[in-house]
Amino acid sequence: MAIDFSSIPSPAFVLEEKLLKNNLELLKSVQDRSGAEIIVALKGFSFYSKFPLVKQYLSGATASSLNEARLIVEEMGVLAHTYCPAYKEEEFDQMMEYSSHITFNSLNQYEKYKDKVKAFPRKISMGLRINPEYAEVEVDMYNPAIKGSRLGITRNLLGDTLPEGIEGLHSHTLCENDSYVLERTLVHIEGKFGHLLHQAKWLNLGGGHLMTRKGYDHEHLIGLIQNLKAKYNIEVILEPGSAIGWETGFLRSKVLDIVDSLGVKIAILDVSFAAHMPDTLEMPYKPKVWGAESEAVEGKFVYRLGGMTCLAGDYMSEYSFDQELKEGDTIVFNDMIHYTMVKTTTFNGVGLPSIGVLREDGSFELLKSFGYETFKDRL
Ligand SMILES: Cc1ncc(COP(=O)(O)O)c(C=O)c1O
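Since the model is a prediction, treat every value here as computed from it, not as a measurement. (Residues numbered from 1 in each chain as written. Predicted model: local features only at pLDDT ≥ 70, side-chain atom pairs only at ≥ 80, totals over all residues. Heavy atoms only, no water.)

Considering empty space enclosed by the protein
- In the structure shown here, the tally under the stated rule is one cavity of 30 Å³ or more.
- Put simply, the largest cavity is a space of about 50 Å³.
- Forming the boundary of the largest cavity are T62, H81, T82, Y83, H101, T103, H170, W202, N204 and E239.
- Every element with two or more residues in the lining of the largest cavity is listed here: β4 (80-83), β5 (99-104) and β8 (202-204).
- Its residues assigned to classes, the lining of the largest cavity shows two nonpolar, seven polar and one charged. (1 Å grid on protein atoms, 1.4 Å probe; cavity = no way out; pocket = protein on both sides within 12 Å on 5 of 7 lines; lining within 4 Å. Points joined across faces, edges and corners; volume = space filled by probe spheres on them. Helix = DSSP H or I, 4+ residues; strand = E, 2+ residues; numbered from the N terminus. Nonpolar A, V, L, I, M, F, W, Y, C, P; charged D, E, K, R; others polar.)

So, the packing of helix α4 (residues 89-98) against helix α5 (residues 107-119)
- Relative orientation of the contacting elements α4 and α5 amounts to 35°, with a least axis distance of 11 Å. The interaxial crossing formed by α4 with α5 has right-handed handedness. On α5, the residues touching E89, F92, D93 and M96 of α4 are K112, Y113, K116 and V117.
- Residue classes in the contact of α4 with α5 are distributed as four nonpolar, no polar and four charged. (Axes fitted to C-alpha atoms, helices over the stretch in contact; angles between N-to-C directions. Left-handed = near helix turned anticlockwise from the far one by under 90°. Contact = heavy atoms within 4.5 Å.)

Some details on the nonpolar core
- With 90 residues, the main nonpolar core has F45, F104, L305 and F333 as its most contacted residues.
- No other element matches the seven residues that helix α6 (residues 179-197) contributes to this core.
- Not counting chain neighbours up to four residues away, the residues in contact with F333 comprise F250, L251, S253, L269, V271, F273, M277, P287, K288, V289 and L305.
- Listed in part, the eight residues of the second largest apolar core include V14, F250, V332 and L358. (Core = buried A, V, L, I, M, F, W, Y, C linked by side-chain atoms within 4.5 Å. Buried < 20%, exposed > 50% of the residue type's maximum accessible area, 1.4 Å probe, protein only.)

Regarding the site of the ligand
- The immediate surroundings of the ligand are formed by A41, K43, R129, H170, H172, G207, G208, E239, P240, G241, S242 and Y339.
- E239 places a side-chain nitrogen or oxygen 2.6 Å from a nitrogen atom of the ligand.
- Separating an oxygen atom of the ligand from a backbone N or O atom of S242 is a distance of 2.8 Å.
- In isolation the ligand has 400 Å² of accessible area, and contact with the protein removes 86% of it.
- Looking at the shell around the ligand residue by residue, the class counts come to three nonpolar, six polar and three charged. (Near = heavy atom within 4 Å. Polar contact = N/O pair within 3.5 Å; in protein donor to acceptor, adjacent residues only side chain to side chain. Areas by Shrake-Rupley, 256 points an atom, 1.4 Å probe, with all protein chains shown as cover.)

Shown next, in the form of structure tokens:
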């Protein structure tokens, strides 16, 4: 169905409901067949107006801050699985109110808070994040197992029995990986922490399982999970973020101007790579643009796409179009739902893109628009 862009303001993050449902159906089928609990990581997918839909398919959600934990309780109506690199003393009581599980990143933090958790009137399951010292992530920025990583407890610091009251272990070292990377990672998890897994109730295998990417071998993943469950008599939890929102929507923008810089043609857009798509510069990666090729193609109209901030590096090159671009043309960046909205800024005072949903019947629902107050509130 052709999308009617005239009904969508520019710029706007637009989630396509049908595509989200497809992802959720797939994830639920893996959940049902493997017996794992799949929960959504808010750091990667915080599109909370769709949390009621997510809840129909998945088991819950995981938080990495008090704000995320609260959003889970308020918008999904479930308690959060919570993990933070360190908890703030003044927030911990509230954190317990919002959490069914609390995972500690160090033994210090466990010692500091364990009595509070035990004294809490409702049962909260405590866990420890472990560092298996193995990851297949090329970019250090996204690798929690680099030497000197602050994320997780290394084997040498743990004894032969789980610390008192600890029911689970949590390991997160995957990033946009497949099940075969998980299999190789499990060798390290089991090799270093297998004796503790026999004593634990649950194992949280973190995020980074890109189950909704084409070609992912779901049967292989299901086999791995079933093996773990049988071997250790343990609950297995997966907490993907990217996989939920993977290829479920776009960022709609438009051309504000075309400039020519010594032969380089640049289309200046009403969005910013730095402020609205920071991962494109940070990771970095080149986002796909609908109807354009992501390289210079002879015979086509080649443009650098420029962001609307004054940052010199706020651009992406080169894209080739079949037609010459002109002011007002629509430019659509593909796959802009996971991690984008949560990472936007108002750098340079640029406005944030609106947020909306493209319903299954093709109609557009505008959920939010942002103005001056959003910019000012953060300063
Ligand atoms: C502890 C933890 N869990 C889950 C996730 C979600 O990972 P992804 O969005 O790659 O699935 C992350 C991402 O950084 C994480 O740090």
